[in-house]
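# Structural overview
If you want the building blocks of each chain, they are given just below.
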Amino acid sequence: MAQNLAYKCPTCGGELSWNAQTGSFKCKYCEDEFTNEQLEQLGENEINEQKAEKHRELEGDKKLYTATDGTDNSDLVVYTCSHCGAEIITNRTTAATICVYCQSPIVMSEQVIGDFSPKYIIPFKIEKEKVMEAFKNFAKKPLTPKAFNPDAVVEKMQGVYVPFWFYSGVATGSVRGTGETAKKYNRGASQFRETCYYEFTRSGSIEIDKVPVDASKKIENDAMDSIEPYDIRDLKEFSPAYLAGFLAERYDQSSAECFERAELRIKNSLESNLKRTTSYDNVHIKSFDAKVEVKSCDYALLPTWLLYTKYKGESYLFAMNGQTGKFIGNLPIDNTKLALYSALGFVAGFIIVYLLMLFL
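Residues numbered from 1 in each chain as written. Predicted model: local features only at pLDDT ≥ 70, side-chain atom pairs only at ≥ 80, totals over all residues. Heavy atoms only, no water.

The next thing to look at is the overall build of the protein. On a plain count of helices and strands, the protein comes out with six helices and 17 strands. Looking at the protein as a whole, 42% of its 360 residues are labelled buried. (Helix = DSSP H or I, 4+ residues; strand = E, 2+ residues; numbered from the N terminus. Buried < 20%, exposed > 50% of the residue type's maximum accessible area, 1.4 Å probe, protein only.)

Rendered as structure tokens:
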């Protein structure tokens, strides 16, 4: 069966859950709070690798099944909730979810041990209520269709721990290009502009520490890139206790598969640093060569609020950094409103031009 992480309050025996606002585990009955270190001393959040429960394969055509956690994927497996005995159908890479029948937090223990055991985690800092409020405000756009009801879809908001690889090492390289400097000066009543051109080369290296790249095929790379950065000063040593009450994915892309994206980000950073060593007004790069040496690569889970929804057959995404609150999203557009606003803009522009011509 899937392993439930239902931590009991040492004070009253009630159920504990992670409180993003206070950064601790809080009892919903007596409201006492406990740190992860205190739970570790009680042995509450340990998973025995030898006793980790396994999934079982679904029989027949997997397309006939629907994932209980909303996962839209045919690669499904089934777990059994150890609290109520219900079958939990989910994606093969799901590491944590919530039983839809008894609402107990579930950790798929086989997904967070051995090769799949993360080294780091950043716990959630943004509460769901604040995320829902942010989405509702975001959805109040002039061109949003009236039929699109943010109050109805916001309940689909999910807190997800997304898998990341952290790359650390050294990048070395050199850049060659042309720099421009311009100055203006007056000679008598005339003003002149003088531009000078210079050939330059720059070489150097930078230390790279924990450059992040998301390691899930199911989550859009551009969306995850857009809600960065995460503050790595909040990194904690991984403990499965942090997963209780949230969804989590294990990586389905290896560090080798993700390295190309990491390498591009690192090289772009090195090139920018080398360009900043010049004092020219404008810089034109002719050639850039760089080499990235990765000395370590660590697996981590980072907090993200995600909302996938559909409107008239089109998919829309809202994503928020669960640590900083930075978010991105797209919304449906009412074409009738768009045409009306465009027409009003044209009319307003025409009136302004007419008045200018009339009084000039």
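This part covers the side chain of Thr278. If you trace the backbone, Thr278 turns up in the loop between helix H5 (255-275) and strand E15 (282-311). Judged by its relative accessible area of 12%, Thr278 falls in the buried class. Separated by 2.7 Å, the side chain of Thr278 and the backbone oxygen of Lys275 make a polar contact. Once residues lying within four places of it in the same chain are set aside, the contact partners of Thr278 are Phe200, Arg202 and Val283. (Polar contact = N/O pair within 3.5 Å; in protein donor to acceptor, adjacent residues only side chain to side chain. Contact = heavy atoms within 4.5 Å.)

Let us now look at the pairing of strand E8 (residues 94-98). Here E8 lies mainly inside the structure; four of its five residues are buried. Count of turn residues in the E8/strand E9 (residues 105-107) antiparallel hairpin: six residues, of which Gln103 carries a positive phi of about 65°. (Pairing = 2+ DSSP bridges.)

Sheet architecture is open: three strands sit in the order E2-E3-E4, paired in antiparallel fashion. Sheet topology places strand E2 (16-19) and strand E4 (33-34) at the edges, where each strand pairs with a single neighbour. Of the strand pairs in this sheet, strand E3 (residues 24-27) and E4 are connected by two bridges, and their pairing is antiparallel. Of the residues in E4, the one forming a bridge with Phe25 is Phe34.

Tracing the chain through its elements places Met320 in strand E16 (residues 314-321). Sequence spacing of Met320 and Ala134 is 186 residues, and the spatial spacing of their C-alpha atoms is 9.4 Å. Leave out the neighbours within four places in its chain, and Met320 touches Ile126, Val131, Ala134, Ile227, Pro303, Thr304, Trp305, Gly325, Lys326 and Phe327.

Turning our attention to the packing of aromatic side chains. The description of an aromatic ring pair uses the distance of the two centres, along with the angle that the planes make with each other. Under the defined criterion, the tally for this structure stands at 20 aromatic pairs. Taken together, a centroid distance of 4.9 Å and an interplanar angle of 90° make the contact between Tyr251 and Tyr299 edge-to-face. In this pair, Tyr251 is assigned in the loop between strand E14 (247-249) and H5 and Tyr299 in strand E15, connecting sequence segments 48 residues apart. Among the residues examined, Tyr251 registers a relative accessible area of 14% and is labelled buried. Residue Tyr299 is classed as buried on the basis of its relative accessible area, which comes to 5%. Of the aromatic side chains, those joined through ring pairs into one cluster are Phe116, Trp165, Tyr251 and Tyr299. Directly above the ring of Phe116 sits Arg250, whose terminal nitrogen or CZ lies 4.1 Å from the centroid. (Phe/Tyr/Trp six-rings, centres within 6.5 Å; stacked < 30°, edge-to-face > 60°. Lys NZ or Arg CZ within 6 Å of the ring centre and 35° of its normal.)

The final tally for this structure, using the stated rule, is 13 salt bridges. Salt-bridge contacts for Lys125 lead to Asp234; the nearest nitrogen and oxygen are separated by 2.8 Å. Here Lys125, found in the loop between strand E10 (120-121) and helix H2 (128-139), pairs with Asp234, found in the loop between helix H4 (221-226) and strand E13 (236-237); they are 109 residues apart in sequence, far enough to count as distant. Classification of Asp234 by relative accessible area gives partly exposed; the value is 21%. Between Glu263 and Lys267 there is a salt bridge, with its nearest N and O atoms 3.7 Å apart. Here Glu263 and its partner Lys267 are both found in helix H5, four residues apart, which amounts to about one turn of the helix. (Salt bridge = Lys/Arg side-chain N within 4 Å of Asp/Glu carboxyl O.)

The final tally for this structure, using the stated rule, is zero disulfides. Here Cys27 stays unpaired: no disulfide links it, and the sulfur of Cys12, its closest cysteine neighbor, is 3.5 Å away. (Disulfide = S-S within 2.5 Å.)

This brings us to the environment of Ile88. Of note, Ile88 is situated in strand E7 (residues 87-91). On the basis of relative accessibility, which here comes to 1%, the residue Ile88 falls in the buried class. With 11 residues separating them in the primary sequence, Ile88 and Cys99 have C-alpha atoms 6.9 Å apart.

This part takes up the nonpolar core. If you look at the biggest cluster of nonpolar residues, it comprises 48 residues, and the most contacted ones within it are Phe135, Met157, Tyr161, Leu243, Trp305 and Phe318. Listing elements by their share of this core, those giving two or more residues are E2, E3, E8, H2, strand E11 (158-187), H5, E15 and E16. Residues within four places of Phe135 in sequence aside, it is in contact with Phe148, Pro150, Val153, Val154, Met157, Leu307 and Phe318. Among the nonpolar cores identified, the runner-up in size contains 18 residues, and Ile219, Ile227, Leu306 and Ala319 belong to it. (Core = buried A, V, L, I, M, F, W, Y, C linked by side-chain atoms within 4.5 Å.)

What follows covers the environment of Glu155. Tracing the sequence through the fold places Glu155 in the loop between helix H3 (150-153) and E11. A sequence separation of 23 residues divides Glu155 from Met132, and the C-alpha atoms of the two residues are 7.9 Å apart. Those residues in contact with Glu155 that sit more than four places away from it in its chain are Lys128 and Met132.

When pLDDT is averaged across the protein, the result is 82; 82% of the residues are at 70 or more. Highest mean pLDDT in the protein belongs to E10 (96); lowest belongs to helix H6 (residues 335-359) (52). (pLDDT = per-residue confidence, 0-100.)

As a further point, take the pairing of E7. Burial analysis of E7 places four of its five residues in the buried class, which makes it a mostly covered element. Examined bridge by bridge, strand E6 (residues 76-80) and E7 share five bridges and lie antiparallel to one another. When the bridges of E7 are listed, Val78 appears paired with Ile89. Hairpin connection from E6 to E7: six residues lie between these consecutive antiparallel strands, with Gly85 at a positive phi of about 85°.

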